[in-house]
Amino acid sequence: MKKILSLLLATTLAPLALIACTPTKDSPISEKSPTKETANTPKEATPPSKDSSVPKKAEFTTLTGGKTGNYYKAATELNEILAEIGFGLKIEESPGSIENIQKIGTGKIDIAFAQNDATALQRNVDKKEKTKIFDNLVVLAPVSDEVVHIVVNKKAGIKKLADLKGKKVAFGPKGSGTFVSAAVIYYANNIDETAGIYQDVAESIEKVKKGELDAAFFTTAVGVPLLKDISAEDGKDLELLPIEDFSFVKSGKLDRIYLKESIPANSYPWQTKEVKALATTSYILVKKDLEEDKVYEIAKAIYPKAKDLKTKNPFWKKFSVDEAKADLKDGTPYHPGVAKFLKEK
């Protein structure tokens, strides 16, 4: 892991150009299920579309995260929109973005959700082999800023990142976006990342509540139900660890993949103060050889629904034509079908 992380930190990452088709660019690739991660084999579980009156013209295999997570929910919302034009998504669960990227990069699936930090990490592992994978990846849309939550037990005496050293800390399942965020932050702060505990996020949070673990990482959108459903009483021993010193982000050349973010006070019943944190952008990826006309139709169907999606689900925070155009201008490799749609706007 140290070698892998050193590769990431030694590379100056281009803004969002994570899926770049040239070996010098970095690319997005990881996620976990933002509500509850699963390490099981991907399961097919596509909800029926609302409009069965439109004949189905095409179906696209789509890899998300756990069934209770943000990615899975977002995919079902896209499926409802695409049903209106006769397209459908064959939605599958996944243990995390690393697997998502590997499968879409090898052409085993059509669409996948992934975090930027995990993509950048994966992009620099075994560059020769990964170049083949990343040459097959392009972007369909930006989705959200996923915030690194570090949930700690108040009795553990953890007040700053350095205090995590020597503590029992959960990193989420291996291969998940949470795992990547935790390992990178540990490494950048000279803490031994091999000491991390790899297990399901929901299980980890429960153990932090009981004092069986000192802390747990969870990279997800603010307001995630797993944390929001913990009452003030049940979470009386919990708090979020603030990141007060962001110098490691710049010195570690991580400022291209991590953004400064704040978790507003009362985002969770047990969290009464604003907390400074880091966030990484998540994307919807598509395989490069997916037919341009079909991807154009997908883009034309979903982008005009951005406002409705955001109203329905705040996870779609960054999904918009303007965000995508800004990415395109910065060199992020969007699918030609999407680029064609954006140029018309």
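Refer to the preceding data block for the structure.
Described below are features of the structure shown in this document. Predicted model, so just to flag it, every value in this text is computed and none were measured.

For the rest of this paragraph, the subject is the overall build of the protein. On a plain count of helices and strands, the protein comes out with 13 helices and nine strands. Within the protein, buried positions represent 59% of all 345 residues. Considering only residue pairs separated by 6 or more positions, the protein has 80% of its internal contacts joining residues 24 or more positions apart. Of the accessible surface of the protein, which amounts to about 14000 Å², a share of 50% is contributed by carbon and sulfur atoms.

Glancing now at the pattern of salt bridges. Using the criterion set out here, one finds 17 salt bridges in the structure. Between lysine 287 and aspartate 110 there is a salt bridge whose closest N-O contact spans 3.1 Å. Of this pair, lysine 287 sits in strand 9 (residues 275-287) while aspartate 110 sits in the loop between helix 3 (97-105) and strand 3 (111-115), and the two are 177 residues apart along the sequence. The buried category is assigned to lysine 287, whose relative accessible area is 16%. Overall, the relative accessible area of 11% leaves aspartate 110 in the buried class.

The next thing to look at is unusual backbone geometry. Within the chain, asparagine 190 stands out as a residue other than glycine whose phi angle is a positive 60 degrees. Relative to the helices and strands, asparagine 190 resides in the loop between helix 6 (177-188) and helix 7 (201-210). According to the relative accessible area criterion, asparagine 190 is exposed, its value standing at 70%. Unusually for a residue other than glycine, asparagine 266 sits at a positive phi of about 65 degrees. If you trace the backbone, asparagine 266 turns up in the loop between strand 8 (259-263) and strand 9.

Spanning 14 residues, helix 2 (residues 70-83) covers 20 Å between terminal C-alpha atoms, matching the ideal 20 Å at 1.5 Å per step. Counted residue by residue, helix 2 has 12 buried out of 14 residues, so it is predominantly covered.

Quick look at the nonpolar core now. In terms of nonpolar packing, the biggest core is built from 52 residues, with Leu140, Ile284, Ile302 and Tyr303 touching the most fellow members. Looking at this core, the element that brings in the most residues is helix 2, giving seven residues.

Glancing now at the side chain of threonine 61. Along the polypeptide, threonine 61 turns up in strand 1 (residues 58-63). On the basis of relative accessible area, threonine 61 is assigned to the buried category, the value being 19%. Those residues in contact with threonine 61 that lie beyond four places of it in its chain are Lys90, Lys108, Ile109, Asp110 and Ile111.

To continue, consider the packing of helix 10 (residues 292-302) against helix 13 (residues 336-343). At their nearest, the axes of helix 10 and helix 13 sit 7 Å apart, and the two run at 50 degrees to each other. The pairing of helix 10 with helix 13 is recorded here as oblique in orientation. For helix 10 against helix 13, the interelement crossing comes out right-handed. Between helix 10 and helix 13, the contacting residues are Glu292, Val295, Tyr296, Ala299 and Lys300 on the first element and Pro336, Gly337, Val338, Lys340 and Phe341 on the second. Within the contact of helix 10 with helix 13, the residues separate by chemical class into six nonpolar, one polar and three charged.

Positionally, threonine 68 belongs in the loop between strand 1 and helix 2. Sequence spacing of threonine 68 and leucine 226 is 158 residues, and the spatial spacing of their C-alpha atoms is 9.2 Å.

A cluster of basic residues, Lys300, Lys325, Lys340 and Lys345, forms a positive patch on the protein surface. Checked against the element boundaries, lysine 325 lands in helix 12 (residues 321-329).

Reading guide: rules and limits
Residues numbered from 1 in each chain as written. Predicted model: local features only at pLDDT ≥ 70, side-chain atom pairs only at ≥ 80, totals over all residues. Heavy atoms only, no water. Helix = DSSP H or I, 4+ residues; strand = E, 2+ residues; numbered from the N terminus. Buried < 20%, exposed > 50% of the residue type's maximum accessible area, 1.4 Å probe, protein only. Contact = heavy atoms within 4.5 Å. Areas by Shrake-Rupley, 256 points an atom, 1.4 Å probe, with all protein chains shown as cover. Salt bridge = Lys/Arg side-chain N within 4 Å of Asp/Glu carboxyl O. Expected span 1.5 Å × (residues − 1). Core = buried A, V, L, I, M, F, W, Y, C linked by side-chain atoms within 4.5 Å. Axes fitted to C-alpha atoms, helices over the stretch in contact; angles between N-to-C directions. Parallel < 35°, antiparallel > 145°, perpendicular 65-115°, else oblique. Left-handed = near helix turned anticlockwise from the far one by under 90°. Nonpolar A, V, L, I, M, F, W, Y, C, P; charged D, E, K, R; others polar. Patch = residues over 30% accessible without salt bridge, like charges linked within 9 Å, V, L, I, M, F, W, Y side chains within 5 Å. Lys, Arg positive; Asp, Glu negative; His and termini not counted. Charge placed at Lys NZ, Arg CZ, Asp CG, Glu CD.

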